[in-house]
Amino acid sequence: MYGLSLLIQLAGEAALLLYGLSLVQRGVDRAYGAQLREGLGRALRDRWRAFAAGLLATTALQSSTAAGLMVGGLHAAGALGLVPALGAMLGANVGTALIAQVLSFDLRPVFPLVILLGWMAFKRGKKARTRDLGRAAIGLGLMLCALFLLLSSMQPVEHSEGLRQLLHLLEGSPPAAALLAALLAWATHSSLAAVLLVGSLASTGVIGAEAAVAMVAGANLGGSVPPLLAARHGARGGGTDPAGLRLPVGNLLNRLAGAVLVLALLPQVTALLSAAPGRLVADAHLGFNLVMAALFLPLLDPLSRLLRRMLPDLPPERNPGAPRYLDEGALATPPVALANAAREVLRMADTLETMLRDAGEALRRADRDEARAVGRLDDVLDRLHGAVHAYLARLPQEDLPEAEARRLAEIRAFAIALEHAGDAVSRNLSKHAARRARRGIPLSPEDLRVLEAQTGRLLAQLRLAVAVFLHEDAEAARQLVREKEAWRSAEREATDHLVEASPAGSAAASLVLDVTRDLKRIGAHLAGIAYPLLERQGELRSTRLRAPSVTAGE
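Residues numbered from 1 in each chain as written. Predicted model: local features only at pLDDT ≥ 70, side-chain atom pairs only at ≥ 80, totals over all residues. Heavy atoms only, no water.

Structural notes on the overall build of the protein chain
Selection criterion: Where helices and strands are cited, they refer to DSSP runs of H or I of at least four residues and of E of at least two residues respectively, numbered from the N terminus. Type-normalised accessible area, obtained with a 1.4 Å probe on protein chains alone, sets the label of each residue: buried when under 20%, exposed when over 50%, and partly exposed for intermediate values. Shrake-Rupley sampling with a 1.4 Å probe provides the accessible areas, and residues are treated as covered by the protein chains on show and by no other component.
For the protein chain, the count of helices and strands is 22 helices and 0 strands. Buried residues in the protein chain amount to 48% of all 554 residues. About 26,300 Å² of surface is accessible on the protein chain, with carbon and sulfur atoms providing 61% of the total.

The following block contains the structure:
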């Protein structure tokens with residue numbers, strides 16, 4: 001009975017550790033997530049700078065898994081190459097080992113103060129970033145508190161003969177110890193949490209040095225599984241693009257090689273680590289990742305070639321994010337190249353139409369999974385936009401006749417408008433669907449009818465924009481501009497509805513207003529395609545402001 005009670009207690013304390021870790025990640029990501037992604041995008045140009053960027057990102061996020069998902073997203077979007085992405089993952093692995101070094105010290109006197117300061121910043125902070133950093137500080141304090149509780153709970157285990165015998169079985173089977181730690185790291189989605197738990201076991205004498213080192217290797221291996229599973233589940237529809245698996249598979253191979261080396265040389269590796277049991281685990285974790293970084297950084301080029309052979313690109317017809325019409329041979333004939341780029345931009349318009357339909361359905365059904373799928377389609381839109389932009393940049397623009405130069409500008413402008421519209425759908429409409437699901441906001445049949453009609457209006461605007469882009473249809477251009485006034489009326493009606501709503505219906509009315517404003521913003525992006533045509537035809541006024549009246553005597 002005592003053993004069952006102790007296991008429940010340890011499980012609760014491990015859950016507190018994971019909750020604290022999630023608070024740190026969420027707080028830092030909300031406060032500095034955009035800057036971290038931008039910094040990674042700038043730094044990921046060569047393997048050494050990428051290594052440093054991955055290390056810094058993991059130190060901020062307190063998790064190599066979170067940093068790996070961030071790097072994987074940039075790589076999947078085509079923002080960086082495979083070699084620097086692999087270098088960033090090596091840096092992320094070293095970063096989490098440095099965090100384990102810090103947390104291995106006795107920080108019991110610190111965590112109450114950290115939680116207090118975090119709570120004050122979270123409750124009293126006037127700026128969102130201050131509150132987010134307060135949330136991260138609370139999470140860090142809870143992590144330290146959980147470690148202290150784990151150590152306290154593990155001390156009686158020294159006198160529990162049954163549990164000691166069970167855990168001492170690991171001493172005779174290092175592979176089993178490594179497998180147990182790998183499963184723990186996979187289940188918690190954190191190699192850091194698994195290593196800290198192993199450190200608690202080692203510091204109380206429950207497991208010996210060799211078993212602890214084997215478990216450190218296993219925890220590092222298990223920590224590479226969640227990004228791989230996320231990449232496998234990240235594809236929409238008919239299967240995963242093998243190219244999207246290269247980065248997590250490369251990281252898995254790195255850690256698998258390290259785990260095999262450690263298990264093969266376990267007595268020698270353990271002899272090199274002569275620290276006290278608690279420090280031994282942290283030192284083994286750091287040494288493991290430093291050695292793997294030193295071994296693999298010079299080998300990233302052959303590793304990337306191996307990964308490309310193992311996981312080749314999908315054929316364009318099976319990869320929605322791969323361009324289909326951007327023929328490099330046509331660049332010598334600008335009219336053909338421009339026609340190719342226009343066809344690719346029409347694929348972007350089709351993708352945006354699917355995103356709008358799916359976002360509307362996610363909002364209607366309050367389906368968070370469908371909302372996340374819209375975000376994955378935005379990645380497809382971003383990749384197509386990047387490919388079109390790079391293709392047009394290779395055209396010899398200084399030699400283009402005026403008509404072709406104007407067409408190039410129109411293609412580029414429409415591609416940019418579609419990409420911005422897709423970002424708005426992914427970041428705002430999907431967020432509203434997730435908010436409705438999370439808060440359980442009920443929408444009346446009338447609210448749903450209004451949102452469905454507004455989504456249909458925006459889809460009609462998208463078709464008008466395509467007509468303007470393809471055929472220079474002046475009437476479609478005029479209708480696009482007139483729709484902007486219709487959206488102003490829709491926004492006013494939604495605002496009036498919120499003002500008149502009862503307290504019970506205010507949440508639904510506020511959601512309808514937010515969605516209306518975001519749809520209006522998307523419509524403004526689409527309307528931009530009409531202005532060049534109307535301006536050439538002299539149908540645009542220079543300003544909507546009425547001229548000031550002239551007073552007497554002037």
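Overview of the packing of aromatic side chains
The condition that has to hold: Stacked, tilted and edge-to-face are the three classes assigned to paired rings of Phe, Tyr and Trp, where Trp is represented by its six-membered ring and a pair needs centres within 6.5 Å; plane angles under 30 degrees give stacked, over 60 edge-to-face, the rest tilted. Distance and angle both matter: a charge sits over a ring if NZ of Lys or CZ of Arg is within 6 Å of the ring centre and within 35 degrees of the ring normal.
Taken as a whole and assessed by the stated rule, the structure comprises 1 aromatic pair. With 4.7 Å between their ring centres and 35° between their planes, F414 and F469 make a pair best called tilted. On the criterion of sequence distance, the pair formed by F414 in helix α18 (residues 402-439) and F469 in helix α19 (residues 445-471) is long-range, its members being 55 residues apart. Judged by its relative accessible area of 2%, F469 falls in the buried class. Directly above the ring of F469 sits R407, whose terminal nitrogen or CZ lies 4.4 Å from the centroid. Between R457 and the ring centre of W487, over which it is positioned, the NZ or CZ distance is 5.1 Å.

Brief notes about a nonpolar patch on the surface
Stated precisely, the cut-off is as follows: By definition, no residue in a patch forms a salt bridge, and every one has over 30% relative accessible area; like charges are joined within 9 Å, nonpolar side chains (Val, Leu, Ile, Met, Phe, Trp, Tyr) within 5 Å. Between Lys or Arg on one side and Asp or Glu on the other, a salt bridge is scored when a side-chain nitrogen of the former is within 4 Å of a carboxyl oxygen of the latter.
A contiguous nonpolar surface patch, about 500 Å² in accessible area, is contributed by L113, L116, L117, W119 and M120. Assignment of secondary structure puts M120 in helix α5 (residues 111-124).

Considerations on the UniProt feature "transmembrane region" (unreviewed entry) in the protein chain
Basically, it comes down to this: UniProt positions are given in the numbering used here, feature names are shortened, and annotations may be inferred rather than shown by experiment.
The residues that UniProt annotates with the feature "transmembrane region" (unreviewed entry) are residues 6-24, 50-78, 98-121, 133-155, 175-198, 256-276 and 282-300. Within the segment residues 282-300, helix and strand shares are 84% and 0% respectively, and the terminal C-alpha atoms sit 26 Å apart.

So, unusual backbone geometry
Located in the positive-phi region is A366, a residue other than glycine, with phi close to 55°. Position of A366 among the secondary structure elements: in the loop between α16 (334-365) and α17 (368-393). When its relative accessible area of 24% is taken as the criterion, A366 is described as partly exposed. Located in the positive-phi region is E472, a residue other than glycine, with phi close to 50°. Here E472 is to be found in the loop between α19 and α20 (474-500).

Side note on a positive patch on the surface
Put simply, the test is: His residues and chain termini do not enter the charge count, which takes Lys and Arg as positive and Asp and Glu as negative. For the purpose of locating charges, the reference atoms are NZ of Lys, CZ of Arg, CG of Asp and CD of Glu.
There is a patch of like positive charges on the surface, built from R26, R30, R368, R438 and R439. Examined against the element boundaries, R30 turns out to sit in helix α1 (residues 2-43). Since its relative accessible area comes to 51%, R30 is described here as exposed.

Quick notes on the nonpolar core
Filter applied, for reference: Only buried residues count toward a nonpolar core, which is a set of Ala, Val, Leu, Ile, Met, Phe, Trp, Tyr and Cys residues joined through side-chain atoms within 4.5 Å. For this analysis, residues touch if any pair of their heavy atoms sits within 4.5 Å.
In this structure, L418 and V425 are the most contacted members of the largest nonpolar core, which totals 65 residues. Of all the secondary structure elements, the ones that give two or more residues to this core are α16, α17, α18, α19, α20, α21 (506-527) and α22 (531-536). It is α16 that contributes the most residues to this core, 13 residues altogether. Excluding anything up to four places from it in sequence, L418 contacts V345, M348, A349, L352, L381, L462 and L526.

Details of helix α10 (residues 209-222)
Cut-off, in case you're wondering: Given the number of residues in a helix, its expected span is that number minus one, multiplied by 1.5 Å.
Taking 1.5 Å of rise per residue, 14 residues should cover 20 Å, and α10 covers 20 Å from first to last C-alpha, within 8% of that figure. When you tally the buried positions in α10, you get 11 out of 14 residues, the bulk of the element. Every buried residue belonging to α10 is among A211, A212, V213, A214, M215, V216, A217, G218, A219, N220 and G222, and all of these are buried.

Considerations on the confidence of the model for the protein chain
Put simply, the rule is: Each residue carries a pLDDT score, the predictor's confidence in it, ranging from 0 to 100.
The predicted model of the protein chain has a mean per-residue pLDDT of 80, with 78% of residues at 70 or higher. No element of the protein chain has a lower mean pLDDT than helix α7 (residues 161-168), at 62, and none a higher one than α16, at 92. For the stretch residues 235-239, pLDDT sits under 50, and the model shows 6 contacts to residues farther than four places along the chain or on other chains.

Some details on the packing of α10 against helix α12 (residues 246-264)
Counted only if it meets this: Axis definition: a line fit to C-alpha positions, over the contact stretch in the case of helices; interaxial angles, taken between N-to-C directions, run 0 to 180 degrees. Angle categories: roughly parallel below 35 degrees, roughly antiparallel above 145, roughly perpendicular from 65 to 115, and oblique for all the rest. In this scheme the handedness of a crossing depends on how the near helix is turned from the far one: anticlockwise by less than a right angle means left-handed, clockwise means right-handed. Side-chain classes follow a simple rule in which Ala, Val, Leu, Ile, Met, Phe, Trp, Tyr, Cys and Pro form the nonpolar group, Asp, Glu, Lys and Arg form the charged group, and the remainder, Gly included, forms the polar group.
Interaxial distance between α10 and α12 falls to 8 Å at its minimum, and their mutual angle equals 170°. Judged by the inter-axis angle, α10 sits roughly antiparallel to α12. Our pair here, α10 against α12, has a crossing hand that is left-handed. Residues V213, A214, A217, A219, N220 and L221 of α10 touch α12, and the partners they reach there are L252, R255, L256, A259, V262 and L263. Taken together, the residues of the contact of α10 with α12 break down into 10 nonpolar, 1 polar and 1 charged.

Some remarks on the pattern of salt bridges
All chains considered together, the criterion is met by 21 salt bridges. Residue E483 pairs with R457 through a salt bridge whose shortest N-O separation is 3.9 Å. Taken together, the residues span a long stretch of sequence, with E483 in helix α20 and R457 in helix α19 at a distance of 26 residues. A relative accessible area of 14% places E483 in the buried class. Judged by its relative accessible area of 30%, R457 falls in the partly exposed class. Among the charged side chains, a network of salt bridges with common partners joins R406, R407, E410, E472 and R536.

Details of the side chain of D447
For D447, the location among the structural elements is in helix α19. There is no salt bridge for the buried D447, and the closest opposite charge comes from R436, which lies 8.4 Å off by N-O distance. If near-sequence neighbours (up to four positions away) are discounted, D447 is found in contact with H497, A508 and V512.

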